[in-house]
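As a plain string of letters, each chain reads:
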Amino acid sequence: MTRSFDPSLEKAKALDREDDLSGFREEFYIREGNIYLDGNSLGLMSKRAEAALSEAVAAWRDYGIDGWTDGKYPWFTLSEWLGEKTAPLVGAEADEVVVTGSTTVNLHQLTSTFYRPVENRTKILADALTFPSDIYALQSQLQIRGLDPEEHLIRVPSRDGHTLREEDLIAAMTEEVALIVLPSVLYRSGQLLDMKRLTAAAKERGIPIGFDLCHSIGAIPHRLSEWGVDFAFWCNYKYLNSGPGGTGGLYVHRKHFGRSPGLAGWFSSRKDVQFDMDHRLTPAATAGAFQIGTPHILSAAPLIGSLELFAEAGIDRLRKKSLSQTRYLMDLVEHELAGMGFSFGHPTEDERRGGHVCLVHDEAVRISKSLKEYGVVPDFRAPDVIRLAPIALYTSYTEVWEAVRRLKKIMEEKHYEKYEKKRGVVA
Ligand SMILES: *Cc1c(COP(=O)(O)O)cnc(C)c1O
């Protein structure tokens, strides 16, 4: 408990007045009275994202087929252009990033490219807390090579059910491991792994390493190129607010440029020869080589507008505010909800947590339903986790304060008891 902590509404309002990023809230559509703390699952729509999508629709209307080469954002090079604009968020060079596919498809692509089992080095190293889609992808990648996932997919266990220890992950990087795929931030607890340390350990052992950045892109800065991370992949619809099903992204370190994509298609091609229609692929000499087919222009377009906001706000300032807001939320929880059965699922140090707070509670599912009724949008993850994400671009300190006030009321009145202990279809 912080002795000097001030839990008053006045303090929350003062924090908002001092916040030099508060103006960005105006850029978003925010429902009056509704406190949206789920931007780590689906970011809210910004006016710029909406405008960019409308522009893409207008380009289709006005240019037809010529939209591939004409207009403000020619579709033929949009994926590379968006990659260049995303690169500062992951600490990469402009041509090391491309906006394409989805998280899971990109993981398939990168595993197909970087997983090269030889002799006794056949295993893929992952962890027990990883998002299921990533695990399914890795299991199927092993299966199509005739390898049994039970034997060849290592999932490093968690000691406490919520977090991982870097030393456990490193200890599992044995001579049998051919590829490592780990999350940057764990989707449930919000633990931020030490990517620099893990990458250094993997490099020492000569094992390629890639990260799933779904829960860190747009929330924390990265230095992928400098750390020597081999590859990474992510979705753009969480912290980057690119809309439901928005096109994803991937990064490949330039030392791997020239490698043939594991899953090839005509958009893997060098752009200047793509329309030669030759049956021999000449892969692009950039991360662009890891695209497959025609880009999903309408699903990528909102990102054009969204990324402008990130360029203006700056990822370092956003991270600073995010840390301040999650700290404030944690302080409020400790101060206001003491003795009500809550604990934190993540490490509480700044260097070890991502953009959301993970509240663990036996009644998490019913409390989440109550919160929704009270106009607070959380995110429940089975069996006992409530994720709360104040988003630096659009959440105010006053909203964080008000969300905890409503949560306290729910707990005092045992309001959640009116619900069934059962999760919704999408939770
Ligand atoms: C959201 C998320 C995904 C989603 O993958 P899609 O292919 O975009 O459906 C994958 N992995 C992690 C860690 C996620 O948080």
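Residues numbered from 1 in each chain as written. Predicted model: local features only at pLDDT ≥ 70, side-chain atom pairs only at ≥ 80, totals over all residues. Heavy atoms only, no water.

Participant: Explanation requested: the sheet that holds strand E7 (residues 231-234) in the structure shown.
Facilitator: Through backbone hydrogen bonds, the strands of a sheet pair up, either in parallel or in antiparallel fashion. Strand order in the open sheet formed by 7 strands is E2-E8-E7-E6-E5-E3-E4, with mixed pairing between adjacent strands. In this open sheet, the two edge strands, each paired with only one partner strand, are strand E2 (97-99) and strand E4 (153-156). Averaged over all pairs of adjacent strands, the angle between their axes in this sheet comes to 20°, without regard to strand direction. Sheet topology places strand E3 (residues 123-127) next to E4; 4 bridges connect them, and they run parallel. Across the sheet, residue Ile124 finds its bridge partner in E4, namely Leu153. Across the sheet, helix H4 (residues 103-114) is in contact with E3, strand E5 (177-183), strand E6 (209-212), E7 and strand E8 (249-252); its angle to E7 comes to roughly 165°. (Pairing = 2+ DSSP bridges. Helix = DSSP H or I, 4+ residues; strand = E, 2+ residues; numbered from the N terminus. Axes fitted to C-alpha atoms, helices over the stretch in contact; angles between N-to-C directions. Contact = heavy atoms within 4.5 Å.)

Participant: Whenever I open this one, the site of the ligand confuses me. Can you help?
Facilitator: As a structural note, the neighbourhood of the ligand is formed by Ser102, Thr103, Thr104, Phe131, Asp134, Asp212, Cys214, His215, Tyr237 and Lys238. Contacts to the ligand include Thr103, whose side-chain N or O atom sits 3.1 Å from an oxygen atom. Between the ligand and Asp212, the relevant distance is 3.0 Å, taken from a nitrogen atom to a side-chain nitrogen or oxygen of the residue. For the ligand, whose accessible area on its own is 390 Å², the fraction buried by protein is 85%. (Near = heavy atom within 4 Å. Polar contact = N/O pair within 3.5 Å; in protein donor to acceptor, adjacent residues only side chain to side chain. Areas by Shrake-Rupley, 256 points an atom, 1.4 Å probe, with all protein chains shown as cover.)

Participant: Would you take a moment to explain unusual backbone geometry for this structure?
Facilitator: Residues apart from glycine generally show negative phi values, whereas peptide bonds are mostly found in trans. In this structure, Pro383 follows Ala382 across a cis peptide bond, with omega equal to 0°. Its identity is not glycine, yet Met277 carries a phi of approximately 60°, on the positive side. Structurally, Met277 can be placed in the loop between helix H10 (271-274) and helix H11 (297-313). Positive phi outside glycine occurs at Lys414, with the angle close to 50°. Secondary-structure assignment places Lys414 in the segment after helix H14 (397-412). For Lys414, a relative accessible area of 45% puts it in the partly exposed group. (Buried < 20%, exposed > 50% of the residue type's maximum accessible area, 1.4 Å probe, protein only.)

Participant: Please clarify how the UniProt feature "modified residue: N6-(pyridoxal phosphate)lysine" (unreviewed entry) in the protein should be interpreted in this entry.
Facilitator: When the UniProt feature table is mapped onto this chain numbering, "modified residue: N6-(pyridoxal phosphate)lysine" (unreviewed entry) sits at Lys238. Within the secondary structure, Lys238 sits in the loop between E7 and E8. Judged by relative accessible area, which is 8%, Lys238 ranks as buried. If sequence neighbours within four positions are ignored, Lys238 has contacts with Gly39, Asn40, Ser41, Leu42, Gly43, Cys214 and His215. (UniProt positions renumbered as here; feature names shortened; annotations may be inferred.)

Participant: I keep staring at the UniProt feature "binding site: pyridoxal 5'-phosphate" (unreviewed entry) in the protein and nothing clicks. Help me out?
Facilitator: Residues given the UniProt feature "binding site: pyridoxal 5'-phosphate" (unreviewed entry) here are Thr103, Thr104, Phe131, Pro132, Ser133, Asp134, Asp212, His215, Tyr237, Trp266 and Thr294. A maximum C-alpha distance of 30.4 Å shows the annotated residues, which cover 192 residues in sequence, to be distributed over more than one spot. Secondary-structure assignment places Asp134 in helix H5 (residues 132-143). By relative accessible area, Asp134 is classed as buried at 5%. Beyond its immediate sequence surroundings of up to four residues, Asp134 is in contact with Leu107, Asp212 and Phe233. Structurally, Trp266 can be placed in the loop between E8 and H10. A residue is classified by how much of its surface remains accessible, and Trp266, at 37% relative accessible area, is partly exposed. Aside from chain neighbours lying at most four places away, what touches Trp266 is Gln274, Phe275, Met277, Ile292, Gly293 and Thr294.

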